[in-house]
Amino acid sequence: MPKVTIDGHTIEVAEGTTILEAARMIGGEVAPPAMCFYSKLKTSGGYCRTCIVKVTKGSEKDPRPMPKPVASCRTPIMDGMEVQNKTAPDLVDARAGVVEFLLINHPLDCPICDQAGECHLQDLSYEHGLSKSRYDFKRREFEKIDIGPNIKLHMTRCILCYRCVKVADQVCDSRVHGVLNRGDVSEISTHIEAALDSDFSGNVIDVCPVGALTDRTFRFKSRVWFTKPVDAHRDCKKCCGRSVLYMSGEEVLRVSVRKDTWGEVENTSEGKPGWLCNECRFEKKSKSDWTIEGVRNIDRHSVISQNKYLEQKNRKIDVSNQKLIGEKAHN
Amino acid sequence: MAVVPIIRDGGDEYAKIGIGKSTGTKLISACGHLKKPGVYEIELGLPVEEFIYSNEYCGGIRNDKKLKAVVAGGSSVPILPAELILKTANGEPRLMSYESLADGGFATGTMLGSGGFIAMDEDTSVVKNLYTFTRFYHHESCGQCSPCREGTGWMEKLLHKILDGHGTIADVDLLWEIQSKIEGKTICPLGDAAAWPVASAIRHFRSEFEEYVRNPQNIRKDHHYYRVNNINPELV
Ligand code: SF4
Ligand code: SF4
Ligand code: SF4
Ligand code: FES
């Protein structure tokens, strides 16, 4: 099996694995950020350019470095390839440039954005962004659009990652949703604003890395970090019925798919992506509709993982160090 | 046309024309401030000076003005000032061939590219010309990848700001930054094509950008230009 070395970690992977997938197998900081690639959606990736890496050695056979940074989500590894991600300062600088481009026309209205706290763009700008914008022109704006009764499209926040287009194409039965226009006036749209009329349309909300597609039934109900995420399931004929409920007391504020470390939908036990149908997502909003499995541990990035539920868990384990825990709870 | 001699004399004979790896002939579409703009079929290796000034080709610069700059291979390739298009940095005559035009890399050279040859006389504003190019690439960007989708529009806005008399030296530096962040980071070469003209204009004509920043009143005479580009001719 071909070997690849990323940031000094060598790993053997199957033929045809991309650099990004190999880096994710190594895990942690070695994995480049990916705003548009989504392993469960065919032909995704290649658009946002945040996952660029530097290939310092092409392969054992042809050791020449690649002249330009490459999109790791679209570049298959070659045997003996050597790749730099975090360890190349010029690459980190180039990525910061991409992040700046994503931000110049972004409204950054995080305080009123339902995605805040679980937004990949927030994470990305926190890690790579400048503290001040160098863009002093008017930002691009679009009208907000309701895509059917349950989905809100706030196009101004869209980073044109095309993930929702792929969902509409591959997960929903018919595609009435796509990209209109071109260049920096491109916009996501359903033709003639027709409702995305499919039982699986709600999944566009979960693949959207930003707050461009949000759940209208959850809109402005709560900041996500004040909710308590629990794993739950129910018998559903249309979908896998495995979800995360975002609770406030006894109330179910939002239902979403279960996401893995990389923010992608988890596979079910049959190995298929666990997409949710609209009935489970938008209509089953009472605790009695679901069998609750327990508190969900949301890892990596999300501020939700910093919240009190995690600490309560820690408290149980860490009874010996009460003083420290007590201090932490006050912060 | 190339097909006729290739059929008549065979490919080998045809390949004897030219110089180095640039064999055969090439159609050059010459435009700009030339006495005889048009499409010329040249043998590769023809000196650039001969192409511009001899009567067989472009016949020199219109109204016998001085040559200021040339974009030798289509709007995306680096612009070169007259001294660098006529002679390489080593002082050798520049030839119409892939190798000779690329001599010196992007620091002092350019590319033969598509053969879209644009000559500019001494009265031409490199900054205005660049604005036109940049506006074109902004318009052409398909919008799939972030650096080109967002960067091309940003560069256009900055150039408009500089032409509008509100630019700062920091804006010129920012333009340089933006093009460097686009180049080589996009899906297709349109990103590079948008970045190179900006980079080369600043590399070779930075003082002109600074003149626009320092003395905007001096350069606001061309009212027609300002009208079509939606710039207020009166400095506000
Ligand atoms: S999409 Fe993300 S970065 Fe943009 S406003 Fe919402 S939370 Fe903030
Ligand atoms: S709406 Fe969201 S998922 Fe769709 S392209 Fe925009 S950012 Fe991506
Ligand atoms: S570089 Fe190419 S693919 Fe990317 S936005 Fe520009 S035209 Fe489209
Ligand atoms: S994740 Fe690779 S280009 Fe977007």
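Bear in mind the structure is a predicted one, so any value in this text is a computation, not a measurement. Throughout this description, residue numbers start from 1 for each chain and increase along the sequence as written. Just so you know, chain letters begin at A and ligand numbers begin at 1, following the order they were written in. Only residues with pLDDT of at least 70 get local features here, since the model is predicted, and only at 80 or more are side-chain atom pairs given and counted; chain-wide, interface and lining totals rely on the full set of residues. Note that the side-chain values use all heavy atoms of the structure and ignore hydrogens as well as water.

Participant: Account for the overall build of chain B, naming residues and giving values.
Facilitator: The helix and strand tally for chain B stands at eleven helices and nine strands. For 236 residues, the compact-globule formula gives about 18 Å, and the C-alpha radius of gyration of chain B, at 19 Å, lands near that figure. Its C-alpha atoms put chain B at 65 × 45 × 35 Å along the principal axes. In chain B, which comprises 236 residues, the share counted as buried stands at 56%. Across chain B, every contact between residues at least 6 apart in sequence was considered, and the portion connecting residues at least 24 apart equals 59%. The Shrake-Rupley method, run with a 1.4 Å probe sphere, supplies the accessible areas, and residue values consider only the shown protein chains as cover. Summing over all exposed atoms, chain B offers an accessible surface of approximately 10,300 Å²; the carbon and sulfur share of this is 54%. Put simply, chain B has 25 plus and 30 minus side-chain charges, and the middle of one group is 4 Å from the middle of the other. Each helix is a run of DSSP H or I of at least 4 residues and each strand a run of E of at least 2, with the numbering of both proceeding from the N terminus. Each radius of gyration is computed over the set of C-alpha atoms, and the globule rule expresses the reference value as 2.2 Å times the number of residues to the power 0.38. Partly exposed describes any residue whose relative accessible area lies between the buried limit of under 20% and the exposed limit of over 50%, with all areas from a 1.4 Å probe on protein chains only and scaled to the type maximum. Every residue pair with non-hydrogen atoms within 4.5 Å of one another is taken to be in contact. Within this scheme the basic residues Lys and Arg register as positive and the acidic residues Asp and Glu register as negative, but His and the chain ends are omitted. Where a charge sits is defined by one atom per residue type, namely NZ (Lys), CZ (Arg), CG (Asp) or CD (Glu).

Participant: An account of the interface of chain B and chain A is requested, with residue identities and associated values reported.
Facilitator: Contacts between chain B and chain A engage 28 residues on the former and 28 residues on the latter. Computed with a 1.4 Å rolling probe, the buried area is the accessible surface lost when two parts are put together, summed over both parts. Buried area between chain B and chain A, summed over both chains or domains, comes out near 2,400 Å², and the portion from carbon and sulfur atoms is 56%. Any Lys or Arg side-chain nitrogen located within 4 Å of an Asp or Glu carboxyl oxygen qualifies as a salt bridge. Inspection of the chain B/chain A interface yields six salt bridges. For Arg-182 of chain A, the salt bridge is made with Glu-140 of chain B, and the minimal N-O distance between the two is 3.6 Å. What qualifies as a polar contact is a pair of N or O atoms within 3.5 Å, subject to a donor-acceptor requirement within protein and to the restriction that residues adjacent in sequence count only when both atoms come from side chains. Where chain B packs against chain A, one counts 15 residue pairs in polar contact (both at pLDDT 80 or more). No other element matches helix 8 (residues 146–163) of chain B, which puts ten residues into the side of chain B that touches chain A. Side-chain classes follow a simple rule in which Ala, Val, Leu, Ile, Met, Phe, Trp, Tyr, Cys and Pro form the nonpolar group, Asp, Glu, Lys and Arg form the charged group, and the remainder, Gly included, forms the polar group. Classifying every residue of the side of chain B that touches chain A by side-chain character gives nine nonpolar, ten polar and nine charged.

Participant: Quick one: what's the story with the pairing of strand 4 (residues 38–43) of chain B, residue by residue and with numbers?
Facilitator: Residues and elements named next belong to chain B. The pairing of strand 3 (residues 25–32) with strand 4 spans six bridges and is antiparallel. Counted as the bridge partner of Leu-27 is Glu-41 from strand 4. In textbook terms, the turn of a hairpin is the stretch between consecutive antiparallel strands, and for strand 3 and strand 4 this stretch comprises five residues. Following DSSP output, two strands are said to pair if at least two bridges run between them.

Participant: How would you explain the site of ligand 1 if you had to name every residue and give the values?
Facilitator: In the vicinity of ligand 1, the residues found are His-106, Asp-109, Cys-110, Cys-113, Ala-116, Cys-119, Gln-122, Arg-157, Val-210 and Gly-211 of chain A. Classifying every residue of the shell around ligand 1 by side-chain character gives five nonpolar, three polar and two charged. Residue proximity to a molecule or strand is established when one non-hydrogen atom of the residue lies within 4 Å of it.

Participant: Can you break down the sheet that holds strand 7 (residues 151–153) of chain A residue by residue, with the values?
Facilitator: All names here are of chain A. Here three strands make up an open sheet; going across it, the order is 6-7-10 and the pairing antiparallel. Edge positions in the open sheet fall to strand 6 (145–147) and strand 10 (213–215), since each of these has one partner strand only. Strand-to-strand, the axes of this sheet are offset by a mean angle of 35°, without reference to chain direction. Relative to strand 10, strand 7 runs antiparallel, the two being bridged by three bridges. Residue pairing for strand 10: Lys-152 is matched across the bridge by Thr-214. Throughout, an axis means a line fitted to C-alpha atoms (over the contacting stretch in the case of helices), and angles, computed between N-to-C directions, take values from 0 to 180 degrees.

Participant: How would you explain a nonpolar patch on the surface if you had to name every residue and give the values?
Facilitator: Residues and elements named next belong to chain B. A patch consists of residues whose relative accessible area exceeds 30% and which take part in no salt bridge; residues with like charges are grouped when within 9 Å of each other, and nonpolar side chains (Val, Leu, Ile, Met, Phe, Trp, Tyr) when within 5 Å. Taken together, the side chains of Val-3, Val-4 and Ile-7 make up a nonpolar region of the molecular surface, amounting to roughly 310 Å² of accessible area. Note on placement: Val-3 falls in helix 1 (residues 3–9). For Val-3, a relative accessible area of 52% translates into the label exposed.

Participant: Can you break down the pattern of salt bridges residue by residue, with the values?
Facilitator: Taken as a whole and assessed by the stated rule, the structure comprises 39 salt bridges over all chains. Asp-93 of chain A serves as the salt-bridge partner of Lys-181 of chain B, at 3.8 Å between the closest nitrogen and oxygen. Of this pair, Lys-181 of chain B sits in helix 9 (residues 169–182) while Asp-93 of chain A sits in helix 2 (residues 89–104), which puts the two residues in different chains. Under the relative-accessibility criterion, Lys-181 of chain B is labelled buried at 9%. Linking Lys-161 of chain B and Asp-171 of chain B is a salt bridge whose minimum nitrogen-to-oxygen distance equals 3.0 Å. Note that Lys-161 of chain B is positioned in helix 8 and Asp-171 of chain B in helix 9, a separation of ten residues in sequence. Like Lys-161 of chain B, the residue Asp-171 of chain B is buried in the burial classification. Where salt bridges share partners, they join Asp-93, Glu-100 and Arg-134 of chain A together with Glu-177 and Lys-181 of chain B into one cluster.

Participant: Could you give an account of the nonpolar core, with specific residues and numbers?
Facilitator: We define the nonpolar core as a collection of buried residues of types Ala, Val, Leu, Ile, Met, Phe, Trp, Tyr and Cys that are connected through side-chain atoms lying within 4.5 Å of one another. Leu-121 and Trp-275 of chain A are the most contacted members of the largest nonpolar core, which totals 53 residues. Discounting residues that sit within four places of it in the chain, Trp-275 of chain A has contacts with Tyr-38, Lys-40, Leu-41, Val-167, Val-171, Phe-200, Asn-203, Val-207, Cys-239, Cys-240, Val-257 and Val-265 of chain A.

Participant: Explain the sheet that holds strand 12 (residues 242–248) of chain A to me, and be specific about the residues and the numbers.
Facilitator: Residue and element names in this part refer to chain A. The four strands are arranged 13-12-11-14 in an open sheet whose pairing can be described as antiparallel. Looking at which strands have only one partner, the edges of the open sheet turn out to be strand 13 (251–256) and strand 14 (291–295). In this sheet, neighbouring strand axes are inclined to one another by 35° on average, regardless of whether the strands run parallel or antiparallel. Where strand 11 (residues 228–233) meets strand 12, six bridges bridge the pair, whose relative direction is antiparallel.

Participant: Explain empty space enclosed by the protein to me, and be specific about the residues and the numbers.
Facilitator: Residue and element names in this part refer to chain A. With a 1 Å grid laid over protein atoms only, a set of points is called a cavity when a 1.4 Å probe fits there but cannot get out and a pocket when it is open yet has protein on both sides within 12 Å along at least five of seven lines; lining residues have an atom within 4 Å of a point. Grid points are joined across faces, edges and corners, and a volume is the space filled by probe spheres set on the points. Using the criterion set out here, one finds five cavities of 30 Å³ or more in the structure. Approximately 120 Å³ is the volume attributed to the largest cavity. Looking at the lining of the largest cavity, the elements that each hand over two or more residues are helix 5 (203–207), strand 10 and strand 13. Looking at the lining of the largest cavity, its residues break down into five nonpolar, three polar and six charged.

Participant: Which residues make up the confidence of the model for chain A, and what values go with them?
Facilitator: Per residue, pLDDT measures the predictor's confidence, with a range of 0 to 100. Scored by pLDDT, chain A comes out at a mean of 87, with 87% of its residues at no less than 70. Here residues 308–331 of chain A scores under 50 on pLDDT; set against residues more than four positions off or in separate chains, the count is twelve contacts.

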